[in-house]
Amino acid sequence: MDLGQSLRQLVAKITNAPVIDEKAVKSFTKDLQRILIASDVSVKLVFDLTKRIEKRALESEQMQGLTLREHLLKVVHDELVQFMGSSYTPKMEKHKILLMGLFGSGKTTGAGKLAYFYKKRGMSVGLVGADVERPAAQEQLEQLSEQIGVHFYTVKGEKDAYKVVQDALSKSKDDILIVDSAGRSAFDERLAEELTKIGEILHPDESYLVLSADIGQIAGKQAQEFNSLIPITGVIVTKMDGSGKGGGALSAVAATGAKISFIGVGEKMEDLEIYDSSRFVGRLLGIPDIAGLMEKVKAVTEESQIKEEDFQELTIESFYNQLKAAKKMGPLGGLFSMMGASDIPKDVINQSEGKMKLYESMINSMTKEERKDASLLRKSRSRMERVARGAGCTLEDVRGFLAQFSKMEKMFDRFRKDRGFRKKMEKMIKGGGMGNMNLPGLMG
Ligand SMILES: Nc1nc2c(ncn2[C@@H]2O[C@H](COP(=O)(O)OP(=O)(O)O)[C@@H](O)[C@H]2O)c(=O)[nH]1
Ligand SMILES: [Mg+2]
């Protein structure tokens, strides 16, 4: 039985138990320890994790509107999300990528998917066919590159993979260069030597280990082997559309400290998702309605909670999060309510679902710097155009979004200068959120 299966059985036990009390929680954490240790997750990590789960489940105050069962599931979910790493933000600057992994894990397909992903976001991309083991592998990648419309580099007949990489480096001017390497049915010395040489020539910024979702716990050992040659910066879990649930990825993450970056969910080029830790853990735990549960939890707490950084500065990202919260909870939700819902321009809060989706893709197409500093975008038409291209919308749409953001920035600045408002905010943060606070009282 693989790790994912064991975890799902354990969760079923929580779901079906007649009562959830202290004894049930303790028995649950014991089972969890046993399962994780059997899956080669390091003993120290396991004890830290299960201790935190037990403590939080028993000691932390149960959230309003949640049953103890839901509370326990949430604690387990949260701790695993933390363990597995928060969700990934793709690098949008120029960089070089190396894909490593065993035969059939989905490297070549994954190289194509990544190329498509970045091309869609307005970057120029090159694919390097450095799998010299099988000539068919290079053809497979060449065909993909034609299909997607990105550059392709290889040296036909070359037996040394690193020379292929060297050649590509001398020719490529692409923003993103993606190297597809050879796999083996098992890790061996030749593969080790080949990868080491590729690493020395390429100096990859991202070295992804490609793992199939059905691989199971040997993933941990495998990840360690690759990691000892070239430090893994991220994991791509493929075939999540199949029967595997990615339990192996947990072992790989535990063994190397690398986090998951992307998820493959099909054979087509568009079947690539940015890793979302909550969704992944939900799938892993087999909590079918994890999204529903977390929505409920969120409605009770998180989104209504105002974090300190939220009102130190308003960034594009926090604006969008607050917008989401306001949409979900009505105008009394989140930071907006603090600013006095009646003062917020109606057109800012009343965004359609379609607009919200569009905003999300725009934000996904922005660099980290742009999300922090919107003036970078305002000053540069070419940046705005890049975002529009990435999000598949018009320049006017991007300007529209920035205009909405400007309105909020102005309001936000006014409020920050208001001492009375700042006092309320401080009180709120110390009080641990607004879930239990009386809103109208605060506003008055
Ligand atoms: N269903 C599904 N199949 C995939 C996925 N990724 C790769 N594959 C298939 O897995 C097989 C091996 O993929 P390939 O990229 O050639 O693996 P490589 O040997 O690591 O380069 C091919 O038939 C792919 O179409 C995925 O996310 N979902
Ligand atoms: Mg291949």
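The paragraphs below set out a description of the structure included in this document. From a predicted model like this one, the values you see are computed outputs, not experimental measurements. (Residues numbered from 1 in each chain as written. Chains lettered and ligands numbered in written order. Predicted model: local features only at pLDDT ≥ 70, side-chain atom pairs only at ≥ 80, totals over all residues.)

### What to know about the overall build of the protein
The number of helices and strands found in the protein is 22 helices and eight strands. Across the 444 residues of the protein, 41% fall into the buried class. In the protein, 74% of the contacts between residues at least 6 apart in sequence involve partners at least 24 apart. (Helix = DSSP H or I, 4+ residues; strand = E, 2+ residues; numbered from the N terminus. Buried ≥ 20, exposed ≤ 12 C-beta atoms within 10 Å, placed from the backbone. Contact = placed C-beta atoms within 7 Å.)

### So, the pairing of strand β6 (residues 234–238)
Of all the five residues making up β6, five are buried; the element is thus mostly covered by neighbouring parts of the structure. Alternating residues of β6 divide into Gly234, Ile236 and Thr238 and Val235 and Val237, and every residue in both groups is buried. Pairing between strand β5 (residues 206–212) and β6: five bridges, direction parallel. From the neighbouring strand, valine 210 faces β6, where its bridge partner is isoleucine 236. Read from β5 through helix α9 (residues 219–229) to β6, the crossover connection turns out right-handed. Handedness of the β6-helix α10 (residues 247–256)-strand β7 (residues 259–264) crossover: right-handed. (Pairing = 2+ DSSP bridges. Right-handed = clockwise from strand over helix to strand, strands pointing away.)

### Looking at the nonpolar core
One finds Val128, Val165, Ile178, Val179, Leu209 and Val235 to be the most contacted residues of the largest nonpolar core, which totals 83 residues. Each of domain 1 (3–86 + 289–295) and domain 2 (95–275) accounts for three or more of the residues forming this core. Other than its neighbours up to four places away in sequence, valine 165 contacts Val128, Ala130, Val179, Ile198, Ile201 and Leu202. Counting residues in each nonpolar core, the second largest holds 17 residues, with Leu323, Met362, Met408 and Phe415 among its members. (Core = buried A, V, L, I, M, F, W, Y, C linked by C-beta atoms within 7 Å. Domains from an automatic or database assignment.)

### Notes on the site of ligand 1
Every one of the 18 residues lining ligand 1 counts as a neighbour, but Gly106, Lys107, Thr108, Thr109 and Gly264 are closest to it. Element by element, the count of residues in the shell around ligand 1 is highest for helix α5 (residues 107–120), at three residues. Among the residues forming the shell around ligand 1, the class breakdown is two nonpolar, eleven polar and five charged. (Near = placed C-beta within 6 Å. Nonpolar A, V, L, I, M, F, W, Y, C, P; charged D, E, K, R; others polar.)

### Observations regarding helix α4 (residues 68–84)
Look at α4: 24 Å from first C-alpha to last across 17 residues, which is about the 24 Å you get at 1.5 Å a residue. Those residues of α4 lying buried are Leu72, Leu73, Lys74, Val76, His77, Glu79, Leu80 and Met84. Once α4 ends, the next one or two residues include glycine 85, with phi positive near 95°. (Expected span 1.5 Å × (residues − 1).)

### Quick look at the packing of α9 against α10
The contact between α9 and α10 brings their axes to 7 Å, and the two run at 40°. In terms of orientation, α9 and α10 fall into the oblique class. The hand of the α9/α10 crossing is right-handed. Two secondary-structure elements touch here, α9 through Ala219, Gly220, Ala223, Gln224 and Asn227 and α10 through Gly248, Ala249, Ser251, Ala252, Ala254, Ala255 and Thr256. When grouped by side-chain class, the residues that make up the contact of α9 with α10 number six nonpolar, six polar and no charged. (Axes fitted to C-alpha atoms, helices over the stretch in contact; angles between N-to-C directions. Parallel < 35°, antiparallel > 145°, perpendicular 65-115°, else oblique. Left-handed = near helix turned anticlockwise from the far one by under 90°.)

### As for the environment of valine 19
Secondary-structure assignment places valine 19 in the loop between α1 (3–16) and α2 (22–38). C-alpha of valine 19 to C-alpha of leucine 68: the two residues are 49 residues apart in sequence and 9.1 Å apart in space.

### Focus on unusual backbone geometry
Phi is positive for histidine 203, close to 45°, though the residue is something other than glycine. When you line up the elements, histidine 203 lands in the loop between α8 (189–202) and β5. By C-beta crowding, histidine 203 is classed as exposed, having 10 other C-beta atoms within 10 Å. Even without a glycine there, the phi angle at lysine 239 is positive, about 60°. Mapping lysine 239 onto the fold places it in the loop between β6 and α10.

### Remarks on the environment of glutamine 222
Along the polypeptide, glutamine 222 turns up in helix α9. C-beta crowding within 10 Å serves as the criterion here: with 24 such atoms nearby, glutamine 222 is assigned to the buried category. In sequence terms glutamine 222 and leucine 211 are eleven residues apart; their C-alpha atoms lie 9.4 Å from each other.

### What about the environment of glycine 244?
Position of glycine 244 among the secondary structure elements: in the loop between β6 and α10. Sequence separation between glycine 244 and aspartate 214 is 30 residues; the distance between their C-alpha atoms is 4.0 Å. Those residues in contact with glycine 244 that sit more than four places away from it in its chain are Ser212, Ala213, Asp214 and Lys239.

### Section: helix α6 (residues 135–148)
Between the first and last C-alpha of α6 there are 20 Å, a value that for 14 residues agrees with the 20 Å anticipated at 1.5 Å per step. Here α6 has its buried residues at Ala137, Gln138, Leu141, Leu144 and Ser145. Along the long axis of α6, the arc covered by the buried residues comes to 125°, so they all point the same way. Set apart from the buried face of α6 by more than 90 degrees, the exposed residues are Ala136, Gln143, Glu146 and Gln147. Packed against the buried residues of α6 are α5, β2 (125–130), β3 (151–153) and β4 (176–181). (Arc of directions from axis to C-beta.)

### Some details on the sheet that holds strand β8 (residues 272–274)
One open sheet accounts for eight strands, arranged β3-β2-β4-β1-β5-β6-β7-β8; its pairing is mixed. Since the sheet does not close on itself, it has two edges, and those belong to β3 and β8, each with one partner. Put simply, the sheet's adjacent strands are angled 25° from each other on average, direction ignored. Sheet analysis places β7 next to β8, joined by three bridges and oriented antiparallel. Looking across to β8, one finds that glycine 264 is bridged to leucine 272. Strands β1 (95–100), β2, β4, β5, β6, β7 and β8 of the sheet are contacted by α5, whose axis makes an angle of about 170° with β4.

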